[in-house]
Amino acid sequence: MRVRTWVVLLPVIVLSLLGTGSATAQNPIVIGSFGPFSPPGSIAQWSEAVEGIKLAVEMLNERGGVLGRPVRVQFEDSAGIPERGRAAVERLIVQHKVPAIVGGNHSSVCLAVTEVVHARRIPFINVNCWANAIREKGYPEVFNTAVVNARIAVAGAYFIRYLGAKTVVAFAENTDFGIGLAQALGSRLKTIAPELRYTYTVLDREAKDFAPAILGFAQRPPDVVVTIMDPPAGYIIINQLREFGVAPTSRTWLLDLDALAELPDFWDNVEEAGRFLTGIALFHPAMKLTDLGQSVRERHKKRTGREASRLVFQGFDAMWVMADAIRRAGSLEAGALIKALRATNLVGTRGPISFSLERGPFFQQWVEVPFAIIQFTEVKQPLERSTIVFPAAQATGTLRRP
């Protein structure tokens with residue numbers, strides 16, 4: 001009888017030790033998240049975003065959670081495939097009953113997912129899907145702390161003009177992100193440098209060999225080659241551009257507009273091909289962070305032993321903004337959450353975050369996402385030792401040709 005009594009009483013004793021008034025004793029608020037944990041999705045990118053999401057949850061719970069309840073994340077795998085992403089989000093909503101979703105890493109997947117969250121009226125913050133079309137749908141449930149193609153196109157176009165280029169060729173992956181950014185870059189170049197000749201080629205992001213597309217430019221290379229491809233395809237084409245002597249060379253600049261240079265596995269995959277590459281960076285250690293951003297950066301470095309990438313900050317900011325909206329709404333009801341998100345005015349890791357309500361590519365988008373163009377000049381050069389070469393106000397050094 002004594003044993004049976006202890007078995008019955010043990011849960012009561014444990015609960016009393018936890019403290020019924022603490023956040024840990026309450027039912028958690030479960031936020032849904034989806035991204036590529038398996039191929040052909042960009043696992044390298046998504047794993048960085050997951051680090052940021054987990055850091056946000058950790059810091060929220062250290063502060064007592066939200067609405068007096070701990071926060072937990074339920075992850076689902078999209079594999080970078082639209083159908084898998086749609087199914088993942090359906091599971092999050094139907095099976096796990098999540099009131100809100102933070103996630104996404106491929107624009108084609110996010111485009112499919114937005115139809116689900118719109119139909120089911122579930123607030124969604126996009127972590128890393130860049131396509132303008134996601135914003136142009138104008139769905140009230142969809143918010144974006146990720147950068148948008150329209151902003152990357154502006155950055156790339158002005159840098160290309162700064163280089164004095166006359167001919168530019170872009171290699172873009174066959175996704176909404178890749179094709180959309182290639183088209184947006186062309187439109188912007190046509191406006192600011194109408195004399196420049198620009199073409200783009202669409203490539204299969206699941207291919208392993210891009211030689212047929214590259215070799216056509218080996219004899220008459222352009223002034224600038226632009227790559228717009230997620231890993232692993234992005235790494236493959238950078239290596240092959242060097243292998244075939246197309247870029248970077250003393251004649252041709254190589255510009256990556258997929259922010260690959262910030263990823264922790266960049267040098268493991270490109271080695272010599274990364275030297276003299278220029279690329280968009282949405283975070284560089286020389287760029288200014290807020291106090292919150294500096295705290296996240298230090299925590300990440302202590303935990304992993306390496307510098308945070310922009311995806312860590314993107315994952316963190318998305319979860320931080322959603323938690324803030326829940327707190328201000330005082331509710332998990334969709335209408336209240338959407339209203340609170342639209343009124344966001346919060347300091348994130350890289351600056352104050354608010355959402356534009358102007359219809360078009362910036363709808364419910366954090367517009368002022370910081371960026372810089374960087375250049376590596378040595379093999380395996382750490383991100384913090386790379387040179388910011390554009391815009392001039394942020395430059396830490398000058399461009400170098402091979």
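Keep in mind it's a predicted model, so treat the numbers as computed, not measured.

End to end, helix α6 (residues 149–163) covers 21 Å across 15 residues, agreeing with the expected 21 Å (1.5 Å per residue, within 8%). Residues of α6 that are buried: N149, A150, I152, A153, A155, G156, A157, F159, I160 and L163. With its phi angle positive at about 75 degrees, G164 sits one or two positions after the end of α6.

Following the criterion strictly, the structure yields 16 aromatic pairs and no others. A ring pair is formed by Y162 and F390, whose centres lie 5.3 Å apart and whose planes are at 40 degrees; its orientation type is tilted. Of this pair, Y162 sits in helix α6 while F390 sits in strand β14 (residues 387–390); the two residues are 228 residues apart in sequence, bridging distant segments of the chain. Note on F390: relative accessible area 14%, which makes it buried.

So, about helix α2 (residues 43–62). Between its terminal C-alpha atoms α2 stretches 28 Å, which fits the 28 Å expected from 20 residues at 1.5 Å a residue. Positioned one or two residues after α2, G64 has a phi angle of 100 degrees, which is positive.

Here the focus is the side chain of N149. Along the polypeptide, N149 turns up in helix α6. The exposure class assigned to N149 is buried, which follows from its relative accessible area of 0%. Among the polar contacts listed, one links the side chain of N149 to the backbone oxygen of F177, at a separation of 3.3 Å. Dropping the residues within four chain positions of it, N149 is found in contact with W130, A131, N132, D176, F177, G180 and L181.

Moving on, we get to the confidence of the model for the protein. Predicted confidence across the protein gives a mean pLDDT of 93, with 94% of residues reaching 70 or more. Long-range and interchain partners of residues 1–24, a stretch whose pLDDT sits below 50, account for eleven contacts in this model, where long-range means more than four residues apart.

Procedures and definitions
Residues numbered from 1 in each chain as written. Predicted model: local features only at pLDDT ≥ 70, side-chain atom pairs only at ≥ 80, totals over all residues. Heavy atoms only, no water. Helix = DSSP H or I, 4+ residues; strand = E, 2+ residues; numbered from the N terminus. Expected span 1.5 Å × (residues − 1). Buried < 20%, exposed > 50% of the residue type's maximum accessible area, 1.4 Å probe, protein only. Phe/Tyr/Trp six-rings, centres within 6.5 Å; stacked < 30°, edge-to-face > 60°. Polar contact = N/O pair within 3.5 Å; in protein donor to acceptor, adjacent residues only side chain to side chain. Contact = heavy atoms within 4.5 Å. pLDDT = per-residue confidence, 0-100.

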